[in-house]
Amino acid sequence: MKIFPAIDIIGGKVVRLTKGDYNLKKVYSSSPLDQAKYFESLGAEYLHVVDLDSAKNGKDDNMKIICEIAEKTSLFVETGGGVRTIDKIERYLDRGIQRVIIGTAAVKNPEMLDEAIRKFGGKIAVGVDARNSKVAVSGWTDTTDIDSYSFCKKMKEKGVRYIIYTDISKDGKLSGINYEIFKKLNSIDDLNITASGGVSSLDDVEKLNNLNIYGCIIGKAIYENRIDIKKVLEIMK
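In short, a report on the structure. Keep in mind that what you see is a predicted model, and the values were worked out from it rather than measured.

Observations regarding the overall build of the chain
For the chain, the helix and strand inventory stands at eleven helices and twelve strands. For 237 residues, the compact-globule estimate of 2.2 N^0.38 gives 18 Å, and the C-alpha radius of gyration of the chain, at 16 Å, lies within 12% of that figure. In terms of its C-alpha atoms, the chain occupies a principal-axis envelope of roughly 40 × 35 × 35 Å. Here the chain, with 237 residues, has 57% of them falling under the buried criterion. Long-range pairs, those at least 24 residues apart, make up 66% of the contacts in the chain between residues at least 6 apart in sequence.

What follows is the structure, encoded as structure tokens:
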């Protein structure tokens, strides 16, 4: 299982939200690049970066910072947040980002997703953010009536190979993972699931690893010293 330490960015700084609430924001670092280099120094090979500003407003103010991480480290960087055009995907990929995550646009602009899959294949992931098993969009501010499991199956049928599934109710609460949903999602053949939301202990990581799930994103638990990320990386290797 691949371990993705997480860097969420607002205003050029590393932050974490609780349950996706922009009003419940805590700043952990003023330099996302330094944070990325720190993870790299501990043995990380993968990094998950989210532009929370762009997720909310669609602007590209943090793009330069995110691309610098890809250019100035050897990390495999996946990034998302406000990715709503083919042009933006191309700009990220041209600057060394390895995988681009489409979230809201996968719901609201399926034609764009189809074009992205055609053009970029496995360099595209779909971010499925779920609140009470319903897909949420627009930086988690709006919840749809779309069942998240059915949506993941539909994405696989479209040719999507990578799903990053976040249980919003667990995100940032350090309360443990929604194990059952990841077990269910991981039963979908030929779909690589990355688990996100609530990973708060080595036990959570080991439970996911025992599912043979593709990846695991760890965020707040690192910053709040609930998980020794260096130890996790050593164990997973």
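Concerning the nonpolar core
In this structure, Ile89, Ile102, Ile163, Phe182 and Ile218 are the most contacted members of the largest nonpolar core, which totals 69 residues. Setting aside anything within four residues of it in sequence, one finds Ile163 in contact with Val126, Val128, Cys152, Met155, Leu191, Asn192, Ile193 and Thr194. Counting ten residues, the second-largest nonpolar core is a separate cluster that includes Phe76, Ala125, Tyr214 and Ile217.

Let's talk about the pairing of strand β12 (residues 215–218)
A two-sided burial pattern is seen for β12, the buried positions comprising Gly215 and Ile217 on one face and Cys216 and Ile218 on the other. Alignment of strand β11 (residues 192–196) against β12, held across two bridges, turns out to be parallel. Bridge pairing in β12 places Ala195 opposite Cys216.

Quick word on the environment of Asn178
Along the chain, Asn178 falls in the loop between β10 (162–167) and α8 (179–185). Residues Asn178 and Gly197 lie 19 residues apart in sequence; the distance between their C-alpha atoms is 8.1 Å. Within polar-contact distance, the side chain of Asn178 engages the side chain of Asp167 at 2.9 Å.

Remarks on the environment of Gly58
Looking at where Gly58 falls in the secondary structure, it is placed in the loop between α2 (52–57) and α3 (63–72). When the C-alpha positions of Gly58 and Gly82 are compared, they lie 4.7 Å apart, and in sequence the two are 24 residues distant.

Rules used in this analysis
Residues numbered from 1 in each chain as written. Predicted model: local features only at pLDDT ≥ 70, side-chain atom pairs only at ≥ 80, totals over all residues. Heavy atoms only, no water. Helix = DSSP H or I, 4+ residues; strand = E, 2+ residues; numbered from the N terminus. Rg over C-alpha atoms; globule rule 2.2 N^0.38 Å. Buried < 20%, exposed > 50% of the residue type's maximum accessible area, 1.4 Å probe, protein only. Contact = heavy atoms within 4.5 Å. Core = buried A, V, L, I, M, F, W, Y, C linked by side-chain atoms within 4.5 Å. Pairing = 2+ DSSP bridges. Polar contact = N/O pair within 3.5 Å; in protein donor to acceptor, adjacent residues only side chain to side chain.

Such coordinate-based values are descriptive only and should not be taken to indicate function.
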